[in-house]
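As a plain string of letters, each chain reads:
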Amino acid sequence: MKELDLQQLCQEISKEYFHKAFRHQITYNARLKSSGGRYILKTGNIEINPKVETILGKEVLIGVIKHELCHYHLHQEGKGYRHQDRDFKILLREVGGHRFVERMEPYRYVYSCKSCRATFHRMRKIDTNKFRCGRCRGNLVLDSKNNP
């Protein structure tokens, strides 16, 4: 989706679900790695991770935009716009925005416990001599490694 289409989509979602105009800019930011998007307090603009649409689809993209618009509209009105604020939680539930976005990159390492067979997914390699299972304190073993 082009930047212009993204801007138009955001304005339509804002009018339909929030009954208010979105007067700032929404853009893609490929540098976002672990989040679907972010609302910038100083400028009032919204940035979206382009991987959200390409990997997870348009439906998830709309959920992320709703989430960021909750931050936007609450901040503009001087209400609680942070994740832990009651106003934010209520508005997010009302408009049907996403609270979290599933992982867009696969985990690199999968470890399992020798005793209880619990599995642990990690992005970074861990020292199995130093770390133990969080459930039973058993020894961990590297099951698989996915090369990026």
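Definitions and limits used
- Residues numbered from 1 in each chain as written.
- Predicted model: local features only at pLDDT ≥ 70, side-chain atom pairs only at ≥ 80, totals over all residues.
- Heavy atoms only, no water.
- Phe/Tyr/Trp six-rings, centres within 6.5 Å; stacked < 30°, edge-to-face > 60°.
- Helix = DSSP H or I, 4+ residues; strand = E, 2+ residues; numbered from the N terminus.
- Buried < 20%, exposed > 50% of the residue type's maximum accessible area, 1.4 Å probe, protein only.
- Patch = residues over 30% accessible without salt bridge, like charges linked within 9 Å, V, L, I, M, F, W, Y side chains within 5 Å.
- Areas by Shrake-Rupley, 256 points an atom, 1.4 Å probe, with all protein chains shown as cover.
- Salt bridge = Lys/Arg side-chain N within 4 Å of Asp/Glu carboxyl O.
- Lys, Arg positive; Asp, Glu negative; His and termini not counted.
- Charge placed at Lys NZ, Arg CZ, Asp CG, Glu CD.
- Core = buried A, V, L, I, M, F, W, Y, C linked by side-chain atoms within 4.5 Å.
- Contact = heavy atoms within 4.5 Å.
- Pairing = 2+ DSSP bridges.
- Axes fitted to C-alpha atoms, helices over the stretch in contact; angles between N-to-C directions.
- Arc of directions from axis to C-beta.

In the nomenclature of an unreviewed UniProt entry, the protein corresponds to SprT-like domain-containing protein from the organism Granulicatella elegans ATCC 700633.

Across all of its chains, the model carries 3 aromatic pairs by this definition. Centroid distance F22 to Y72: 4.7 Å. Interplanar angle 65 degrees. Geometry classified as edge-to-face. Residue F22 is located in the loop between α1 (3-18) and β1 (26-28), and its partner Y72 is located in helix α3 (residues 58-77); the two are separated by 50 residues in the primary sequence. With relative accessibility at 4%, the residue F22 sits in the buried group. Accessibility expressed as a relative area gives 3% for Y72, which makes it buried. On the basis of an interplanar angle of 85 degrees and a centroid distance of 5.9 Å, the ring pair of Y39 and Y72 is categorised as edge-to-face. Placement of the pair is Y39 in strand β2 (residues 37-39) and Y72 in helix α3, with a sequence separation of 33 residues. Of the two residues, Y39 and Y72, neither departs from the other in class, the shared state being buried.

Taken together, the side chains of R86, K89, R93 and R99 define a basic patch exposed on the protein surface. Mapped onto the fold, K89 is located in helix α4 (residues 86-95). Assessed through its relative accessible area of 39%, K89 is described here as partly exposed.

Turning next to the nonpolar core. Membership of the largest hydrophobic core comes to 25 residues, with the highest contact counts inside it found for I26, I46, I48, L61, I65 and L69. Of all the elements in the fold, those that place two or more residues in this core are α1, β1, β3 (46-48), α3 and α4. At 8 residues, the largest contribution of residues to this core is made by α3. Not counting the four nearest positions on each side in its chain, I46 is found in contact with F22, Q25, I26, T27, R38, Y39, E68, L69 and Y72. Counting 7 residues, the second-largest nonpolar core is a separate cluster that includes Y109, Y111, F120 and C133.

What follows is about unusual backbone geometry. Even without glycine at this site, R117 takes up a positive phi of about 65 degrees. Looking at the element boundaries, R117 is found in the loop between β4 (109-113) and β5 (119-122). The backbone of R137 shows a phi angle near 70 degrees, a positive value even though the residue is not glycine. Here R137 shows up in the loop between β5 and β6 (140-145). For R137, a relative accessible area of 60% puts it in the exposed group.

Taken together, the 3 strands give an open sheet; going across it, the order is β5-β4-β6, and neighbouring strands pair in antiparallel fashion. What marks the edges here is a single partner per strand, and that holds for β5 and β6. Averaged over all pairs of adjacent strands, the angle between their axes in this sheet comes to 30 degrees, without regard to strand direction. For β4 and β5, the ladder comprises 4 bridges, and the chain directions are antiparallel. Of the residues in β5, the one forming a bridge with Y109 is R122.

What follows concerns α4. Looking only at α4, the buried set comprises F88, L91, L92 and V95. Looking straight down α4, one finds that the buried residues subtend no more than 100 degrees of arc, so they occupy a single side. In α4, the exposed positions that point more than 90 degrees away from the buried face belong to R86, R93 and E94. As for α4, its buried residues are in contact with α1 and α3. The positive-phi residue at the C-terminal boundary of α4 is G96, with phi of around 80 degrees.

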